[in-house]
Amino acid sequence: GSISGKIVDEHNQPLPGATLTIDGTTLGGAADANGNYKITGIKPGTYTVRARFVGYDDVVKSISVNGPVTLPVNMLPSNKSLSEVVVIGYGTQRKKDLTGSVVAVTSKDFNQGPITTPEQLIQGKVSGVQITSNSGSPGSGSTIRIRGGASLNASNDPLIVIDGVPISNTSINGVANALSLINPNDIESFNILKDASATAIYGSRASNGVLIITTKKGGANAPFTANFSSLNSLSVKTKEVDVLSADQFRDLVTANGGASQVALLGKSNTNWQDQIYQTAFGTDNNISFSGGIKGLPYRLSVGYLDQDGILKTDNFKRTTAALNLNHGFLRNSLKVDVNLKGTYTNSVFAQGSGAIGAAISFDPTQPVYSGNSKYGGYYEWLDASGNPNTLAPRNPLGLLEQRQDTGTGKRGIGNASFNYTLPFFKDVQLNANVGFDVSDGAGQTYVPATAAAFYTQKGTLSHYFQENTNYVTDYYAKYAHDFKDIKSHVDFTAGYSYQYYSFYTRAQQGYAADGVTTVGLPSNPTKPQYYVDGFFGRLNYSFNDRYLLTATIRDDRSSRFSDLHRNGYFPSVALAWRLKEEDFLKGADFLSDLKLRVGYGVTGQQDIASNNTTNNSYYFPYLARYSPSNGAAAYQFGNTYINTLRAEAYNQDLKWETTSTSNVAIDYGFLNGRISGSLEYYYRKTKDLLVDTPIPDGTNLTNHLYANVGDLNTKGVDFNVNINAVNTKDFRWDIGYNVSFNKIKVTNISLTGDPNQIVPVGTIGGGVGNTIQLLKAGATPYAFYVYQQVYGATGTPLEGVYVDRNQSGSTADDKYLYQQPNPKVFMGFNTSVTYKKWTASTSLRANIGNYVYNNVAASTGAYAGFKFSGYLGNLSSSVLDTKFNNYQLFSDYYVQNASFVRMDNANLSYNFGKVAKTATLRVTGNVSNVFVITKYKGLDPEVQGGIDNNFYPRPRVFSLGVNLGF
Amino acid sequence: CKKDLTPNYDQTTASVYKDFANYKPVLARLYAGFAISGQQGPAGNPDIAGIDEGFSNYIREYYNMQELTTDESIIAWNDGTVHDLHDMVWNSQNEFIKAMYDRIYYQIAACNEFIRQTTDGQLSSNGITGDNLTQAKHFRAEARFLRALSYWHAIDLFGSVPFVTENDVVGTFFPAQKSRAEIFAYIEGELKAIDGDMVDARANEYGRADKAAVYMLLAKLYLNAQVYTGTQRNTDAITYCNKVIAAGYTLEPHYRNLFLADNNNSKEIIFPITFDGLHTTGYGGMTYLVHAAVGGTMNPVDFGINGGWAGVRTTKQYVSLFTDITGNTDKRAVFYTDGQNLEIKDEYAFTDGYAIAKFKNVTSAGKAGSDNTGNFPDTDLPMFRLADVYLMYAEAVLRGGTGGDAATALNYFNLVRTRAYDGSTAGNINAGQLTLQTILDERGRELLFEMHRRTDLIRFGKFTDASYVWAWKGGVMAGKGVESYRNVMPIPSTDLINNPNLKQNTGY
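Residues numbered from 1 in each chain as written. Chains lettered and ligands numbered in written order. Predicted model: local features only at pLDDT ≥ 70, side-chain atom pairs only at ≥ 80, totals over all residues.

## What to know about the overall build of chain B
Working step 1: The secondary structure content of chain B amounts to 18 helices and nine strands.
Working step 2: In terms of overall dimensions, chain B has C-alpha extents of about 70 × 50 × 50 Å along its principal axes.
Working step 3: Burial analysis of chain B (508 residues in total) assigns 59% to the buried set.
Working step 4: Put simply, of all contacts in chain B between residues at least 6 apart along the chain, 65% involve residues at least 24 apart. (Helix = DSSP H or I, 4+ residues; strand = E, 2+ residues; numbered from the N terminus. Buried ≥ 20, exposed ≤ 12 C-beta atoms within 10 Å, placed from the backbone. Contact = placed C-beta atoms within 7 Å.)

Below you can see the structure in the form of structure tokens.
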């Protein structure tokens, strides 16, 4: 006989991955993507079956089997999801036992629509976690900041752990973003570790939080299921940078330019931004097979993504395969888990051509094509000799169409973990985990000899190859025991972890387009490497299920520091009090959960210049070294060119940056968990900041050095609430809202503690060497450092007139710190409504108090733009307001309020359910980046880092998806 | 598990000096410190940070300090505070002044490191003997010369400056500030001390300093001693000019050839900074000197480059040093006037101000340099050359130094004039015409853009006050006098903050 049916949740949505087992047998099955399960080969009889799913109460039913029977299962969320298990560092924990700040987001809560990199699945979902997509280019990934980041010059990226392998987030040449090598469709859950008591077990890499990603797995004894999904999308440009039209430009040059400039005007009307953008098609197809063969659960998935960018020629193709196997040996006392993921990507990079900037500044009165065959037929500005004018922008379309910038990336991530329960002492489990993360990127750039961009050197052909290697081994033992007599539970984990990284970049020779004529001399190969290893321990103690204690310690070593400073100790302790269990709240029925958590911990940072994979200075900063020059930085003695050796700067005293975090939180639940959430306050203090600081001149072998000089602190509040507003059989309405406040202040940034030390940062366009931001004690990092604009009677800014803030009679020294790029408040809102087979959902995000320096307007918003010698450049429309003659790059006029509300996503799906004997179907329509409400005058207010310069626009994406299950 | 990691493709300091084959590459890097900006040409892996790598190149910044601040040069670009240099309104936060200062101290620190690692004791413990030992001592002396050269730049520009030597360890400490006169004495002592270890004049490999370079630097120090120490040393200047002249350099027959891609063949150059379109590349140095001067209707091909950067031009006050600006008589009138206005109404317009066609990446035979991209010139920078020595001799005699004579002074002066007129004596002057003003003007004509102008104007008392003004001096079109404290540059504010031992120069 057999049992089959569908497992659904409280609002009749399928629960993929829910398992059904038959007590007293080894038989069982798991629900597929549509919630269907089937168990076959059952001898006739009456059985007790048990359905299980994480976060839901077990359902136990009795059933007689004699031939095929159907058993639908309705599961209800376990009370307030308290029995939910979350993944923490080196282990798992029941949610109700958590003392630290850990947020789990599982696949059913993921963002919908076309998503190419994993972190976008949870954008806007978690308080305190800010995810900003880097650009509109496919695969370009995001910048992730958990509670704003704890470092200055060292990495602010969180540690990302996939199936037990801390992956390298370092950039790979040939791939738009390292995270784009992970297929989001394979991901089951994210666990976000926010505070130090949760992260300190990761020691030196935990200051900026930890993202633990778990991929989908097969179920034990589950029947074979297949799932196919296809999402097809169209991306369209939403907005253009506001520059002058051809007619406006003609009028302006005629009115304000000299005869030589007027003579350069053309007769065409070209919208260059129209020329370079396109409507882009994308398709994302995934097929997965899962089941359990003779008790060997497996899941195999294959994905293929092909996404065009809205910038012409831009394209990203990705093929992924993932395999999970897990099996119990020795009567399940030895569990083995194997995860393998492989990715192959092909990219065409259009952004590197510079076409976006060129389209903004190229003269709109000129035609796209010159009418002759020179320079590929594209119109170009020429110099006195008839060659392309090297100072002028190149034809934007020519830049795109004459350039082949292609890259391929490969990445393999895998691990095998072993969990062995001692047969004679079942309280003890031994764990071993070995894993690797190997990626390489290769590519080439080709521009033909006829193109203006590389005209004198007759085109270009260059290649690159990079290989990043990372392997990890962890060994740990866990002891867990209930001491019923004293109402206590103890679990204790102790272990050792070692992780090694290396980054190899091959030497590179450039060629002219013929591939034979060399251009310049080859670069040198590089291969920096480092390791981090450490011992760790964790004690969890709970008394009477009410009082919880977690204490962790990690003793880390990083090869980045000299033997004297290699060790760092990172302890944490946290207490939680489950007030709801106390007698005085037992009767408060409206209150379903109340927990108070207090934690303190110390974490470390050693990851400096994490995106520089070629310079040993960031990997051996303590070591006295000599580095070789390449052949193009040689020096002539006699008739010989000598490749030189440079003595490198070093700092023997360099040591860990340490962050101590205090966290106070309340977890709450009302009305049987229909309203739940948490409120957290944190205070974080980072000392011995690893800062790339100017040093006393002459004392070392450069003018700046990584040293432990600064301090900063961060305070913040994270709040979130989830509301199940309506919950009936046919109608369900869920609402989620989160809001985060965050304030960062640098308290010192000088070797001598001098509060006047300033470190200019934030390079801007419009003249080399100009910066717009500042690091300074007492200020928030990266605040804008500008002059205060004076406005005329009509509200127009007066050119070059600034407020004499210190009343010195001159405004040359009157730059001041004005606003900041980071939002003071950011929030996420999402809601979904299900009515019968229809589900509609949307998600919105808002940032408040973030400012952006409109570099595009600043660097093109003056008549000077058409006064270059020999060519004209188009101007930002802001010049119509400002009428500036010369660029006023440092006016606060260009620091603009970029607060915004963005609807990330609107989604409607219809679940057809069973459409054939064994097939189920779901169809989804989706719009991403639906609208943005902002006062910001540039293209897009959401700019990581706060400097808007030639931003690749985020498209609006319309997509249609189908999901077929078998 | 790999426990003891060592850097791939690098050597540790502990091992590098065990092999004599490494010594010359380390020495070459000290010379290259003037020419390039980092360990990867043309850019990438810079020596110093906080400013664009190409911008901060030693020679490029030295040009900015010595030329942009004077009548000889004005720049059109919109980069940072670069206009403050010509406008003479710079302050201690000027990133170009900081870059110069940082380069000087980078160079001093790099020399200190080599000198520290090549003491007699170190050479012996590293097993360097025989001819290698002799070579190593030459290398060490050259490193001391290069350090002295940078210290000279330091006191010339900044006055009293931090003092670090090979006796300081590499780390982060607070060097003491020494007075201009103290460091003057230190440089003098160093240059005299290394005389014995330097290779004889004109006997070293091309590109490396020899005894004549040491004498030249001593002569420059003495000629400016009044400014640096308050005591004139013109007699010593003459002594060392004579030593250089006695070494046998000859004037290049054609002035223009001194600044072309094959100027390494010149017998006039005493100490060059070498550049090569393939092997010594970057966006400072000669790349800057050639590209930045080309713009407007100038044809880049004539300069052996792929395009001009439309940056530097000259003022009409400089142009007025010439009676014939066509270049038909005095070949040093290298003005490009087509489409250029003599008057500079707009500092930011390349076409305001006559352009200068002096440094070019073409050979004397008219062939373009070796870099087929047209980016990087082969042209070397003549840092010290014989014509300069002749004029220094004449000036030192005129200023009352002994050990020379007026007739020789006039002769040397006229040798320079005759060469300028391409062998014609039509431009020669008589003894009565040889005045200090004549010498200053002649230095202007002869050494345009060769980075002597600021020092010269200060020595002649014409740099800051209103006795000589040029377009946009003081930030006004007609030019005006500025505060006398601007005869020295400010110590950059970064170093004042980082090093509590330092005191800012008066006025800043």
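Still more to cover.
## Quick word on the overall build of chain A
Working step 1: Tallying secondary structure elements over chain A gives nine helices and 54 strands in all.
Working step 2: Relative to its length of 966 residues, chain A is compact, with a C-alpha radius of gyration of 30 Å against a globular reference of 30 Å.
Working step 3: The principal-axis extents of the C-alpha atoms in chain A amount to approximately 100 × 65 × 65 Å.
Working step 4: The proportion of buried residues among the 966 residues of chain A is 55%.
Working step 5: Of the contacts made within chain A by residues no fewer than 6 positions apart, 69% connect residues no fewer than 24 positions apart. (Rg over C-alpha atoms; globule rule 2.2 N^0.38 Å.)

## Structural notes on the interface of chain A and chain B
Working step 1: The interface of chain A with chain B comprises 80 residues on the first partner and 90 residues on the second.
Working step 2: Those elements that place two or more of their residues in the side of chain A that touches chain B are β26 (488-505), β29 (529-543), β33 (625-628), β34 (635-637), β35 (640-642), β36 (645-647) and β39 (704-727) of chain A.
Working step 3: Its residues assigned to classes, the side of chain A that touches chain B shows 35 nonpolar, 38 polar and seven charged.
Working step 4: Two strands pair when backbone bridges link them, and β33 of chain A and strand β1 (residues 11-12) of chain B are joined in this way by two bridges, in the antiparallel orientation. (Nonpolar A, V, L, I, M, F, W, Y, C, P; charged D, E, K, R; others polar. Pairing = 2+ DSSP bridges.)

## So, the environment of L549 of chain A
Residues and elements named next belong to chain A.
Working step 1: Secondary-structure assignment places L549 in strand β30 (residues 547-558).
Working step 2: Once the C-alpha coordinates of L549 and S878 are considered, the two residues, 329 residues apart in sequence, prove to be 59 Å apart.
Working step 3: Ignoring sequence-local partners within four residues, the contact set of L549 consists of Y541 and L575.

## Quick word on the sheet that holds strand β16 (residues 187-193) of chain A
All names here are of chain A.
Working step 1: One open sheet accounts for five strands, arranged β11-β16-β17-β14-β15; its pairing is mixed. Both edges of this open sheet fall to β11 (102-106) and β15 (165-166), since each of them pairs with a single strand only.
Working step 2: Here six bridges tie β16 to strand β17 (residues 210-215), and the two strands are oriented antiparallel to one another. Across the sheet, S189 pairs through a bridge with T214, a residue of β17.

## Section: the nonpolar core
Working step 1: Counting 273 residues, the largest nonpolar core has M216, A219 and Y393 of chain B as the members making the most contacts within it.
Working step 2: Contacts of M216 of chain B, omitting those with residues within four sequence positions, involve V244, I270, F271, F384 and V389 of chain B.
Working step 3: Counting residues in each nonpolar core, the second largest holds 51 residues, with V175, L179, A198 and I213 of chain A among its members. (Core = buried A, V, L, I, M, F, W, Y, C linked by C-beta atoms within 7 Å.)

## Things to note about the sheet that holds strand β3 (residues 28-30) of chain A
All names here are of chain A.
Working step 1: In spatial order, the strands read β3-β2-β5-β6; together these four strands make up an open sheet with antiparallel pairing. Of all the strands in the sheet, just β3 and β6 (59-65) have a single pairing partner and so form its edges. Ignoring which end each strand starts from, the neighbouring axes of this sheet average 20° apart.
Working step 2: Across seven bridges, the pairing between strand β5 (residues 45-52) and β6 is antiparallel. Its bridge partner lying in β6, V49 is registered against K61. (Axes fitted to C-alpha atoms, helices over the stretch in contact; angles between N-to-C directions.)

## Thoughts on the packing of helix α11 (residues 234-246) of chain B against helix α14 (residues 386-398) of chain B
Residues and elements named next belong to chain B.
Working step 1: At a minimum axis distance of 9 Å, the contact between α11 and α14 shows a crossing angle of 150°. On the basis of the axis angle, α11 is roughly antiparallel to α14. Between α11 and α14 lies a crossing whose hand is left-handed. Where α11 approaches α14, its residues N234, A237, I238, C241, V244 and I245 are matched on the opposing element by V389, M392, Y393, A396 and V397. (Parallel < 35°, antiparallel > 145°, perpendicular 65-115°, else oblique. Left-handed = near helix turned anticlockwise from the far one by under 90°.)

## Considerations on unusual backbone geometry
Working step 1: Cis geometry marks the peptide bond from G41 of chain B to P42 of chain B; its omega dihedral reads 0°.
Working step 2: Among the secondary structure elements, P42 of chain B is positioned in the loop between α2 (23-35) and α3 (58-68).
Working step 3: Not every positive phi belongs to a glycine, and L671 of chain A is a case in point at roughly 50°.
Working step 4: Mapping L671 of chain A onto the fold places it in the loop between β37 (657-670) and β38 (675-694).
Working step 5: Even without being a glycine, W472 of chain B presents a positive backbone phi close to 70°.
Working step 6: Here W472 of chain B lies in the loop between α17 (453-459) and α18 (493-498).

## As for the domain arrangement of chain A
Working step 1: When cut into domains, chain A gives domain 1 (2-77) and domain 2 (85-215).
Working step 2: On a C-alpha basis, the centroid separation for the pair domain 1 of chain A and domain 2 of chain A is 33 Å. (Domains from an automatic or database assignment.)

## Quick word on the packing of helix α8 (residues 180-193) of chain B against helix α9 (residues 211-223) of chain B
When two helices pack together, their arrangement is given by the angle between their axes and by how far apart the axes lie.
All names here are of chain B.
Working step 1: At a minimum axis distance of 10 Å, the contact between α8 and α9 shows a crossing angle of 155°. Regarding the angle of α8 to α9, the classification is roughly antiparallel. Remark: the crossing between α8 and α9 carries left-handed chirality. Touching F184, I187, E188 and L191 of α8 are V214, L217, L218 and L221, all from α9.
Working step 2: The residue inventory of the contact of α8 with α9, partitioned by class, reads seven nonpolar, no polar and one charged.

## Here we look at helix α15 (residues 406-420) of chain B
Residues and elements named next belong to chain B.
Working step 1: Given a rise of 1.5 Å per residue, 15 residues ought to cover 21 Å, and the 21 Å separating the end C-alpha atoms of α15 matches this to within 8%.
Working step 2: Turning to α15, the residues buried within the fold contact α14 and α16 (436-447).
Working step 3: Positive phi shows up at D422, right after α15, with a value of about 60°. (Expected span 1.5 Å × (residues − 1).)

## Comments concerning helix α2 (residues 246-256) of chain A
All names here are of chain A.
Working step 1: Residues of α2 that are buried: A246, F249 and V253. Angular distribution of buried residues about the axis of α2 spans 60°; they occupy a single face of the element. Exposed side chains of α2 directed beyond 90 degrees from the buried face belong to D247, D251, T254 and A255.
Working step 2: Structurally, α2 contributes buried residues whose contacts are with α3 (259-264). (Arc of directions from axis to C-beta.)

## What to know about the pairing of strand β9 (residues 85-88) of chain A
Two faces belong to every sheet, and in a regular strand the side chains alternate between them.
All names here are of chain A.
Working step 1: One ladder, built from four bridges, connects β9 with strand β10 (residues 91-94); its direction is antiparallel. Opposite V86, over in β10, you have Q93 as the bridge partner.
Working step 2: Taking the residues that link successive antiparallel strands as the turn, the β9-β10 hairpin has two residues, and the phi of Y90 there is positive, at about 50°.

## A look at the environment of S841 of chain A
All names here are of chain A.
Working step 1: Of note, S841 is situated in strand β48 (residues 838-848).
Working step 2: Taking the C-alpha atoms as reference points, S841 and G309, separated by 532 residues in sequence, lie 26 Å from one another.
Working step 3: Excluding anything up to four places from it in sequence, S841 contacts Q112, N830, T831, S832 and N907.

## A closer look at the confidence of the model for chain B
Working step 1: Per-residue confidence for chain B gives a mean pLDDT of 96, with 100% of residues at or over 70.
Working step 2: Reported for the predicted complex are a pTM of 0.90 and an ipTM of 0.97. (pLDDT = per-residue confidence, 0-100.)

## What to know about the environment of F174 of chain B
Working step 1: Mapped onto the elements of the fold, F174 of chain B is located in the loop between β3 (161-162) and β4 (177-178).
Working step 2: Spatially, the C-alpha atom of F174 of chain B lies 43 Å from that of N361 of chain B, the residues being 187 residues apart in sequence.
Working step 3: Apart from the residues lying within four places of it in its own chain, the contact partners of F174 of chain B are P696 of chain A together with N499, P500 and N501 of chain B.

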